[in-house]
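As a plain string of letters, each chain reads:
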Amino acid sequence: MADPGPAQVSADMAVAGTWRQQHLADSVLPLSDVSNKTNASRQREVAKVQAPAAVVKLLYQGVAQVGHGSRRGDYVVTIVEEQGPDSECYLHASHLSDKSLKPFKTSIDIALISGQGNFALQKKRISSILSRLDFSGNNIIVRPEVVETPKANDALDDVKTDPPAPVPVSPPVSLLPTTTDQNTLAEDQVAAAPSAAPSPTVDFASELPADDAAVLADVEATGMVRVRVVTWNMQANAPPSVEMLRAELLPLNTHHVVVVGTEECENTIAKSLINPSKDKWEGRLREVFGDRYDLICGHALQATHSIAFVHRALVPLISAVKSEAVSTGLGVGATRMGNKGGIGIHFAVNGTSLLFINAHLAHARKGYDRRNEEYHTITAELSRRLVRATPAVGSTVPAEPPSSDSESLVEWMQEHVDCLVWGGDLNYRLELERAEAEEQLQDGADVIGLQSLLEHDQLKRAIREEAAFVGMEEAPIEFRPTYKYDHNTDAFDSSAKQRVPSWTDRILFKPGDAVDVHAYRSVQALRTSDHRPVYADFLMDVGGEAALSGARADDGRPKEGQGIGQTNSEVCAVM
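To keep things clear, this report deals only with the structure shown in the data block. What you are looking at is a predicted structure, and each value in this text was computed from that prediction instead of being measured.

Calculation notes
Residues numbered from 1 in each chain as written. Predicted model: local features only at pLDDT ≥ 70, side-chain atom pairs only at ≥ 80, totals over all residues. Heavy atoms only, no water. Salt bridge = Lys/Arg side-chain N within 4 Å of Asp/Glu carboxyl O. Buried < 20%, exposed > 50% of the residue type's maximum accessible area, 1.4 Å probe, protein only. Helix = DSSP H or I, 4+ residues; strand = E, 2+ residues; numbered from the N terminus. Contact = heavy atoms within 4.5 Å. Pairing = 2+ DSSP bridges. Phe/Tyr/Trp six-rings, centres within 6.5 Å; stacked < 30°, edge-to-face > 60°. Lys NZ or Arg CZ within 6 Å of the ring centre and 35° of its normal.

**A short note on the pattern of salt bridges**
Here's step 1: Inspection of the entire model under this criterion finds 24 salt bridges.
Here's step 2: For Glu324, the salt bridge identified is with Lys322, shortest N-O distance 3.7 Å.
Here's step 3: What makes Glu324 buried here is its relative accessible area of 19%.
Here's step 4: Where Glu438 meets Arg434, a salt bridge forms, and the shortest distance between an N and an O atom there is 2.9 Å. One end of the pair, Glu438, and the other, Arg434, are both in helix 13 (residues 434-443), 4 residues apart, so they sit about a helical turn from each other.
Here's step 5: A relative accessible area of 28% means that Glu438 is categorised as partly exposed.
Here's step 6: One connected set of salt bridges, linked through shared partners, spans Lys322, Glu324, Glu381, Arg384 and Arg385.

Laid out in structure tokens, this is it:
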């Protein structure tokens, strides 16, 4: 069995998106075929893989995120070294699921990769390259490493014009050794490659059709809507520019529904006691989304805010819009201020009920028990006052919950809301000392390293102990802690308090056939706050043609009284 020549190897590398096919001597075997075989059969197929010719060395193959904002996507990345008098390295990338996108190829300075025989150093350097992949026009590039010096008085305008920061968390790297031992090679490649390539999915970076009728027809035909949910504690700072928000957090015309939850929004908690309005922030968001999106509901609770936009083509499918707020802050008994609490926005799409909860829970590491209590209070009150009062058109939600106790109300909400998302500045901390957390962050710069830190995460503990968020799920965290950063830098808290880096900003969802999470990420490029914004992309099933007749008025618009476009502001919500 002859080895493939260097020309064939290079040609195969250019189409790296067809998983595991390169270097096959007899035939091309896509992973979709391999994954349907038994493990033993797969081992035999991979054993047919031949080592590349001596002039070509395969250094890495795997999946990495490329780009930022609306162009961010998952790409199959292959790095090879073509050895000779003038050795050169090339990186090939092809989109994981969208084969209509062209593959990319770029050269890499070999000095950026070479570990000079040090395997660990080479792995670290490749990991760094993967974290800095980005687009420049129609080309793929490796952004230079950025070493930032914290500045105390950086202006907001500087933030708007800075290039996006490199993603600090790299995908796990598996280096493929060059060997002529076919059994060893097969074992190494099985261990290094994912067990299966994800099935083709919706590309959330692709724009929706330009024609509104086509957008509506597609949703009615597929029963699926793309939803982005955002949470961001803004630290009462001015928001980024429209251009920056579109590029990094709120891409235009890629989602059917966008729900943005913010904490310490527009004003500090103290100032919001006097003026809870979020008109400026809502105005900025209207600029971001333009005339293709309609505001269907906005609600402010002192400094916490939640707002939902929907693509205008879907407005005929919207019904049962209502929002409520629950205060859990300063006060006694049922009368509490809104410095802490949660907001629920409920509406139905095509008769399918959606509920988005955004909350700002008690602060500090010692507030663990208080946060758990607040979760139950907010969920139970929204069950009692919001879900019951606004059943979706065609829904079988009972008029009254079976019981008034908190635990029953929490369970009742999960049972009777089709798509439930619960997020915000939940304030759960790492139960570690600062020095220990920093040491683990430095040693574990990849996804695997972060998991050791998450073992000390209080939210994970609360779910494990069934103290809060029972029945809810969170997508895997593959981003750095979201709190607390020095202003306008990527440096963690350097103040006298030396707060422990933590994932305070989270988004959870009720699992089930109606909700499929496609992305869960933070945005390091937005540095106007001591928190980093977090977003999750969902594909939600809103199928159900029977509900359509009750959801529309004769002119195709929602029926009168369904609450489209309402906004509310309050400083407390008396229970």
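**Observations regarding helix 12 (residues 406-416)**
The α-helix advances 3.6 residues per turn, and as a result positions three or four apart in sequence lie on the same side.
Here's step 1: Among the residues of helix 12, Leu409, Val410, Trp412, Met413 and Gln414 are the ones counted as buried.
Here's step 2: Where helix 12 is buried, its residues meet strand 15 (352-360), helix 11 (368-387) and strand 16 (419-425).

**What to know about the pairing of strand 15**
Here's step 1: In terms of burial, strand 15 is a largely internal element, 9 of the 9 residues being buried.
Here's step 2: In strand 15, alternate side chains face the same way, and those of Thr352, Leu354, Phe356, Asn358 and His360 on one face and Ser353, Leu355, Ile357 and Ala359 on the other are all buried.
Here's step 3: As paired strands, strand 14 (residues 341-349) and strand 15 are joined by 9 bridges and run antiparallel to one another. Within strand 15, the residue paired with Gly342 across the bridge is Ala359.
Here's step 4: Between strand 14 and strand 15, which follow one another and run antiparallel, lie 2 residues, and Asn350 among them has a positive phi close to 60 degrees.
Here's step 5: Examined bridge by bridge, strand 15 and strand 16 share 7 bridges and lie parallel to one another. Paired with Phe356 across the bridge in strand 16 is Val421.

**With respect to the packing of aromatic side chains**
Here's step 1: This structure, assessed with the given rule, holds 14 aromatic pairs.
Here's step 2: Where Phe479 meets Tyr520, the ring centres are 5.3 Å apart and the plane angle is 80 degrees; that geometry is what we call edge-to-face. Of the two residues, Phe479 sits in the loop between helix 15 (458-464) and strand 17 (505-509) while Tyr520 sits in strand 18 (residues 515-522), which places them 41 residues apart along the sequence.
Here's step 3: Accessibility expressed as a relative area gives 5% for Phe479, which makes it buried.
Here's step 4: Residue Tyr520 is classed as buried on the basis of its relative accessible area of 7%.
Here's step 5: An aromatic cluster is built from Tyr368, Tyr375, Trp422, Tyr428 and Phe469, whose rings are joined through pairwise contacts.
Here's step 6: The ring centre of Tyr428 lies 5.3 Å from the NZ or CZ of Arg371, which sits over that ring.
Here's step 7: One residue, Arg532, lies across the ring of Tyr485, its end atom 3.9 Å from the ring centre.

**Section: unusual backbone geometry**
Here's step 1: A cis amide bond links Tyr483 with the next residue in sequence, Lys484, at an omega value of 0 degrees.
Here's step 2: Among the structural elements, Lys484 can be located in the loop between helix 15 and strand 17.
Here's step 3: Notably, Gln235 is not glycine yet its phi reads approximately 55 degrees, a positive angle.
Here's step 4: Within the secondary structure, Gln235 sits in the loop between strand 7 (224-233) and helix 8 (242-248).
Here's step 5: For Ala320, which is not glycine, the phi dihedral falls at a positive 55 degrees.
Here's step 6: With respect to the helices and strands, Ala320 occurs in strand 11 (residues 318-327).
Here's step 7: Accessibility expressed as a relative area gives 16% for Ala320, which makes it buried.

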